[in-house]
Amino acid sequence: MGRMTEIDTSVPHSARIWNYWLGGKDNYPADELAGDAYTAVFPGISTIARSSRAFLRRSIRYLVQEAGIRQFLDVGSGLPTVDNTHEVAQRLAPESKIVYVDNDPLVLAHARTLLTSTPEGATAYEDLSLFEPERILEAAARTLDPARPTALILSGILGHVADHDQARELVRRLLEGLPSGSHLSVNDGSRGTDPDYEQAQDTYNESGAVPYFLRPVDQIAAYFEGLELVDPGVVSVPLWRPDVPDPDPIGQHGGLARKP
Ligand SMILES: C[S@@+](CC[C@H](N)C(=O)[O-])C[C@H]1O[C@@H](n2cnc3c(N)ncnc32)[C@H](O)[C@@H]1O
């Protein structure tokens, strides 16, 4: 799937349903309908959406504070929500630069919200598809210094690539354009945790929306091949460097790793 050109409000769409589950307002009746049908089968999806964003927050905090990263490439950024990547990063390091990429025209319409950078830093929005990694790297280089380490963020997007080998290849091509010391943060919906989750996702995938494929954990871990995983590795996202004691695992797995 490449770039989309029009906002079609009659078909449920990933970015808008995700926004609905996160409690946002940037969605249409078709998205609410699809979102509610999903919740009826698997109510845990709102927790998954929120836990995924919380993982993103904690991984950005690690990247800024522990890894010294000041450049971020967030592909499949989604609609603006609470704590967008630039807000979390620039709160900790105002000079941080962020490039957002998404192929949803509605995200483009809201891009202004994503472009409210600190004066010391920079933010940019690129209307491109994950399926054109070289163009993404080329566009990112207008804002980010290609010689400096960058954090590549793929949060809830690789499941949109139907073929796992192709998803791995896209990750590889994006990382190829980033220097040593760059990082990869991935989190995605996982298979093998809850049959209701899998049933809700299968039904959703037949609804006409752009499908999203839950993956076995070892396939999510495979995105990090050749990289140095940061502790605790690829885990259910609430268990990744948690802020609270004894969180419950959910069907969303992810990790963070450094390019050697
Ligand atoms: C489930 S949402 C995740 C949003 C955000 N990253 C987060 O973690 O909350 C998936 C996002 O990926 C975007 N997306 C799907 N396919 C894409 C593609 N081929 N290229 C770029 N973005 C894509 C959707 O528009 C949507 O914003």
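Just above sits the structure.
All figures in this text were calculated on a predicted structure; none of them were measured in a lab.

## Quick look at the packing of aromatic side chains
Under the counting rule described, the total for this entry stands at six aromatic pairs. Where Tyr38 meets Tyr204, the ring centres are 6.1 Å apart and the plane angle is 70°; that geometry is what we call edge-to-face. Highlighted residues: Tyr38 in helix α2 (residues 29-41) and Tyr204 in helix α9 (residues 195-205), separated in sequence by 166 residues. Each member of the pair Tyr38 and Tyr204 is classed as buried. Put simply, the rings of Trp18, Trp21, Tyr38 and Tyr204 touch in pairs and so form one group of aromatic residues.

## Details of the side chain of His86
Within the secondary structure, His86 sits in helix α4 (residues 85-92). Within the structure, the side chain of His86 is placed 2.7 Å from the side chain of Tyr100, a separation counted as a polar contact. Within the structure, the side chain of His86 is placed 3.3 Å from the side chain of Thr116, a separation counted as a polar contact. Other than its neighbours up to four places away in sequence, His86 contacts Arg91, Ile98, Tyr100, Thr113, Leu114, Thr116 and Thr123.

## A word on the site of the ligand
Inspection of the region around the ligand gives 20 residues, with Trp18, Arg53, Gly76, Asp102 and Ser155 positioned closest. Leu130 is positioned with one of its backbone polar atoms (N or O) 2.9 Å from a nitrogen atom of the ligand. Considered on its own, the ligand offers 600 Å² of accessible surface; in the complex 97% of this is hidden by protein. The element that contributes the greatest number of residues to the shell around the ligand is helix α1 (residues 14-21), accounting for three residues. Tallied by class, the residues present in the shell around the ligand amount to seven nonpolar, ten polar and three charged.

## A few points about the side chain of Glu126
On the secondary structure map, Glu126 appears in strand β3 (residues 122-127). A polar contact of 3.1 Å, which involves the side chain of Glu126, links it to the side chain of Arg142. Dropping the residues within four chain positions of it, Glu126 is found in contact with Val99, Tyr100, Val101, Asp102, Ala139 and Arg142.

## Topic: unusual backbone geometry
Here the residue pair Asp231 and Pro232 is connected by a cis peptide bond, since its omega of 5° sits within 30 degrees of zero. With respect to the helices and strands, Pro232 occurs in the loop between β6 (228-229) and β7 (235-236). Here Asp83, not a glycine, exhibits a phi torsion of approximately 60°, which is positive. In this fold, Asp83 is placed in the loop between β1 (71-75) and α4. We note that Asp246 has phi near 50°; this positive angle belongs to a residue other than glycine. Within the secondary structure, Asp246 sits in the loop between β7 and β8 (252-258). Taking the relative accessible area as the measure of exposure, Asp246 reaches 73% and is therefore exposed.

## Considerations on helix α7 (residues 133-140)
All of the buried residues in α7 are Pro133, Ile136, Leu137, Ala139 and Ala140. Viewed along the axis of α7, the buried residues span an arc of 165°, placing them on a single side of the element. Its buried side turned inward, α7 meets β1, β2 (97-102), β3 and α8 (164-176).

## Section: the pairing of β3
Here is the key point about a regular strand: its side chains alternate between the two faces of the sheet. In terms of residue burial, β3 counts as a mostly covered element, since five of its six residues are buried. Sheet topology places β2 next to β3; six bridges connect them, and they run parallel. Bridging from a neighbouring strand, Tyr100 pairs with Tyr125 of β3.

## Examining the pattern of salt bridges
A complete count under the given rule lists 14 salt bridges for this structure. Residues joined by salt bridges that share partners form a network here, namely Arg57, Asp83 and Arg91.

## Structural notes on the nonpolar core
Among the nonpolar cores identified, the biggest contains 43 residues, and Tyr38, Phe42, Ile45, Ile60, Phe72, Tyr197 and Trp240 are the most heavily contacted of them. When residues of this core are assigned to their parent elements, the largest contribution, nine residues, is made by helix α3 (residues 45-65). Aside from chain neighbours lying at most four places away, what touches Ile60 is Phe72, Thr85, Val88, Ala89 and Ile153. Grouped together as the second largest cluster of nonpolar side chains are 31 residues, Val99, Ala124, Leu137 and Val234 included.

Here is what the cut-offs are and how they apply
- Residues numbered from 1 in each chain as written.
- Predicted model: local features only at pLDDT ≥ 70, side-chain atom pairs only at ≥ 80, totals over all residues.
- Heavy atoms only, no water.
- Phe/Tyr/Trp six-rings, centres within 6.5 Å; stacked < 30°, edge-to-face > 60°.
- Helix = DSSP H or I, 4+ residues; strand = E, 2+ residues; numbered from the N terminus.
- Buried < 20%, exposed > 50% of the residue type's maximum accessible area, 1.4 Å probe, protein only.
- Polar contact = N/O pair within 3.5 Å; in protein donor to acceptor, adjacent residues only side chain to side chain.
- Contact = heavy atoms within 4.5 Å.
- Near = heavy atom within 4 Å.
- Areas by Shrake-Rupley, 256 points an atom, 1.4 Å probe, with all protein chains shown as cover.
- Nonpolar A, V, L, I, M, F, W, Y, C, P; charged D, E, K, R; others polar.
- Arc of directions from axis to C-beta.
- Pairing = 2+ DSSP bridges.
- Salt bridge = Lys/Arg side-chain N within 4 Å of Asp/Glu carboxyl O.
- Core = buried A, V, L, I, M, F, W, Y, C linked by side-chain atoms within 4.5 Å.

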